[in-house]
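Reading the structure
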Amino acid sequence: MSETIDTGARLRAFVLSMPAARLLGFDFLEIAPGHVVLDLPFRPELGEHQGLFQGGILGALIDFAGASANATLLGPSDALMTLDYTVKLLRPARAAGLRATGRVIDAGGRIGVAAAELFLRDADGRMDESGPVATGLVSTRRVDLRPAS
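Right, let's walk through the structure included here. Everything quoted here is computed from the prediction, not taken from an experiment.

Okay, the overall build of the chain next. Looking only at helices and strands, the chain features three helices and six strands. Helices (α) and strands (β) of the chain occur, in sequence order from the N terminus, as α-α-β-β-α-β-β-β-β. C-alpha atoms of the chain, sized along the principal axes, occupy 55 × 30 × 25 Å. Counting across all 149 residues of the chain, residues that qualify as buried make up 39%.

With that settled, consider the packing of aromatic side chains. The full count for this structure, using the stated rule, is three aromatic pairs. For the pair Phe 26 and Phe 64, a centre-to-centre distance of 4.9 Å together with 50 degrees between the ring planes defines the contact as tilted. Here Phe 26 is found in the loop between helix 2 (19-24) and strand 1 (27-32), whereas its partner Phe 64 is found in helix 3 (residues 55-71), with 38 residues between them in sequence. Here the two residues Phe 26 and Phe 64 agree in accessibility, since each one is buried. Through a chain of ring-to-ring contacts, three or more aromatic side chains come together here, namely Phe 26, Phe 28 and Phe 64.

Turning our attention to the nonpolar core. Across soluble globular proteins, you tend to see nonpolar side chains buried next to one another. Counting 33 residues, the largest nonpolar core has Phe 26, Leu 40, Leu 98 and Leu 118 as its most contacted members. Looking at this core, the elements that each hand over two or more residues are helix 1 (3-16), helix 2, strand 1, strand 2 (35-41), helix 3, strand 4 (97-106), strand 5 (111-121) and strand 6 (134-144). With nine residues, helix 3 is the single largest residue contributor to this core. Excluding residues that lie within four positions of it along the chain, Phe 26 makes contacts with Val 15, Leu 16, Ala 21, Leu 38, Asp 39, Leu 40, Leu 61 and Phe 64.

Cut-offs used in this document
- Residues numbered from 1 in each chain as written.
- Predicted model: local features only at pLDDT ≥ 70, side-chain atom pairs only at ≥ 80, totals over all residues.
- Heavy atoms only, no water.
- Helix = DSSP H or I, 4+ residues; strand = E, 2+ residues; numbered from the N terminus.
- Buried < 20%, exposed > 50% of the residue type's maximum accessible area, 1.4 Å probe, protein only.
- Phe/Tyr/Trp six-rings, centres within 6.5 Å; stacked < 30°, edge-to-face > 60°.
- Core = buried A, V, L, I, M, F, W, Y, C linked by side-chain atoms within 4.5 Å.
- Contact = heavy atoms within 4.5 Å.

This is the structure in structure tokens:
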């Protein structure tokens, strides 16, 4: 089994074991070094009064996509934590689901920066070609999990 497959399986298991990730209900479609694609189906509890995805949900998905992209480059004894993220909501998000792409911009040393974009998709998985509904940047800090000697 290649290290990329091991890393992808570890990342998927780790992220999807988080209570917040389970609450949102997204899944990974792609995991590669420096890149991830997430999929989030719409459910009424993720929306607001008009049936749109609520903005805080979009922010959380940006965070998970960007941080996960950064996490694809971690070593086996490393973890990371989000330092901050910015979100720009570009247009209303009414769709059967969202696709989130995360890609590393700068893996850095201890600090990594990734970009994330959210796109609408229909019930058949076809992407809306009118561009992203939200975009953001995610900064993470690498943390060594090995015990101090």
